Amino acid sequence: MIKKVCGLLNGIIILCLALVAILLLVPTALGYKSMAVISGSMEPDIPVGSVVIVKDVMPKNLKTGDVITYQISEGTMVTHRIKHIDKDKEEIVTKGDANDVADANPVKYDSVVGKMAACIPLLGYISIYIKTPLGIAVICGIVSVLILLNFLPSIKEGEEREQQSMTDV
């Protein structure tokens with residue numbers, strides 16, 4: 001019985017880990033970029049803790065209403081909706097859906113990272129969390145549980161055999 005329970009729990013944990021890995025890694029393998037959302041500027045459509053999947057796009061192919069991700073500084077990306085495009089200046093005016101006013105600085109075409117292709121709610125929390133010391137400890141804990149679930153039936157079987165041999169004597 002314990003062997004079945006451990007096998008089932010092991011399978012469920014591995015399935016969950018595989019699903020998370022697929023959701024985080026497949027977009028990158030297909031040439032998309034994925035970013036975790038850490039502010040509420042695009043709520044409710046893009047909630048905090050989501051992962052935004054972004055595909056490359058030529059800025060000239062963008063239109064008002066598209067949601068784009070752009071770089072404002074080294075390592076800092078913003079995902080906002082296009083409010084206006086000035087093709088002559090090659091600039092885009094953006095605004096977060098939850099913000100009252102448009103962003104102060106227009107986005108230059110060369111700062112555009114891509115256009116949002118998909119949004120996966122809550123997955124961003126995982127991608128942010130696993131990079132912290134506590135997140136690494138949790139991953140180590142999960143691996144330990146998986147190892148324990150693999151060996152627990154054998155350990156239990158050995159104990160039962162030992163008890164059986166003691167009662168046979």
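K.L.:
Just checking my understanding: could you explain the overall build of the protein for this structure?
P.N.:
For the protein, the helix and strand inventory stands at 3 helices and 7 strands. Each helix and strand of the protein, ordered N terminal to C terminal, gives the series α-β-β-β-β-β-β-β-α-α. Here the C-alpha radius of gyration of the protein, 24 Å, is well above what a compact globule of 169 residues would show, namely 15 Å. Looking at the 169 residues of the protein, the share that counts as buried comes to 27%. Within the structure as shown, the protein displays about 11000 Å² of accessible surface, and the carbon and sulfur contribution to it stands at 64%.

K.L.:
Sorry, what's going on with the sheet that holds strand β6 (residues 107–108) here?
P.N.:
For sheets, the rule is that strands pair by backbone hydrogen bonds, running either parallel or antiparallel. Read across the sheet, 7 strands follow the order β1-β2-β7-β3-β4-β5-β6 without closing on themselves; strand pairing throughout is antiparallel. The strands lining the two open edges of the sheet, one partner per strand, are β1 (33–36) and β6. Judged from the 5 bridges that link them, strand β4 (residues 76–86) and strand β5 (residues 91–95) form a sheet pairing that is antiparallel. The residue bridging I85 from the neighbouring strand is I92, located in β5.

K.L.:
Would you mind showing me how to read the nonpolar core here?
P.N.:
Membership of the largest hydrophobic core is limited to 10 residues, which are L62, I68, Y70, V78, I82, I85, I92, V107, Y109 and V112. Of all the elements in the fold, those that place two or more residues in this core are β3 (67–73) and β4. For this core, the element with the highest residue contribution is β4, accounting for 3 residues. If near-sequence neighbours (up to four positions away) are discounted, V78 is found in contact with I68, T69, Y70 and I72. Among the nonpolar cores identified, the runner-up in size contains 8 residues, and V37, M42, V52 and V54 belong to it.

K.L.:
For this particular structure, what's the right way to read the confidence of the model for the protein?
P.N.:
Atom-level detail of predicted coordinates should not be read off regions where pLDDT is low. Here the protein shows a mean pLDDT of 90. Residues at 70 or above account for 93%. Mean pLDDT values over the elements of the protein span from 81, in helix α3 (residues 133–168), up to 97, in β5.

K.L.:
Would you mind going over unusual backbone geometry with me for this structure?
P.N.:
Peptide bonds are, in most cases, trans, and in most cases residues other than glycine have a negative phi. For the peptide bond that leads from E43 to P44, omega is 5 degrees, which places it in the cis range. Even without being a glycine, E90 presents a positive backbone phi close to 55 degrees. Tracing the chain through its elements places E90 in the loop between β4 and β5. In this structure E90 comes out as partly exposed when scored by relative accessible area, which is 44%. Backbone geometry places L122, a non-glycine residue, at a positive phi of 75 degrees. Examined against the element boundaries, L122 turns out to sit in the loop between β7 (112–120) and α2 (123–129).

K.L.:
What am I meant to see in the state of the cysteines here?
P.N.:
Note on terminology: a disulfide is the covalent bond linking the sulfur atoms of two cysteines. Applying the stated criterion across every chain, the model contains 0 disulfides. No disulfide involves C6; its sulfur sits 17 Å from that of C16, the nearest cysteine. Just so you know, C140 is unpaired, no disulfide at all, and the nearest cysteine sulfur is the one on C16, 19 Å from it. The exposure class assigned to C140 is partly exposed, which follows from its relative accessible area of 46%.

K.L.:
Can you help me understand the pairing of β7 in this one?
P.N.:
The two faces of the sheet receive side chains in turn, since in a regular strand these alternate between them. Two elements, strand β2 (residues 51–55) and β7, share 5 bridges in a ladder whose sense is antiparallel. Within the sheet, the bridge partner assigned to V51 lies in β7 and is I120. Where β3 lies against β7, 3 bridges are found, and the strand directions are antiparallel. Bridged to T69 within β7 is G114.

Parameters and conventions
Residues numbered from 1 in each chain as written. Predicted model: local features only at pLDDT ≥ 70, side-chain atom pairs only at ≥ 80, totals over all residues. Heavy atoms only, no water. Helix = DSSP H or I, 4+ residues; strand = E, 2+ residues; numbered from the N terminus. Rg over C-alpha atoms; globule rule 2.2 N^0.38 Å. Buried < 20%, exposed > 50% of the residue type's maximum accessible area, 1.4 Å probe, protein only. Areas by Shrake-Rupley, 256 points an atom, 1.4 Å probe, with all protein chains shown as cover. Pairing = 2+ DSSP bridges. Core = buried A, V, L, I, M, F, W, Y, C linked by side-chain atoms within 4.5 Å. Contact = heavy atoms within 4.5 Å. pLDDT = per-residue confidence, 0-100. Disulfide = S-S within 2.5 Å.

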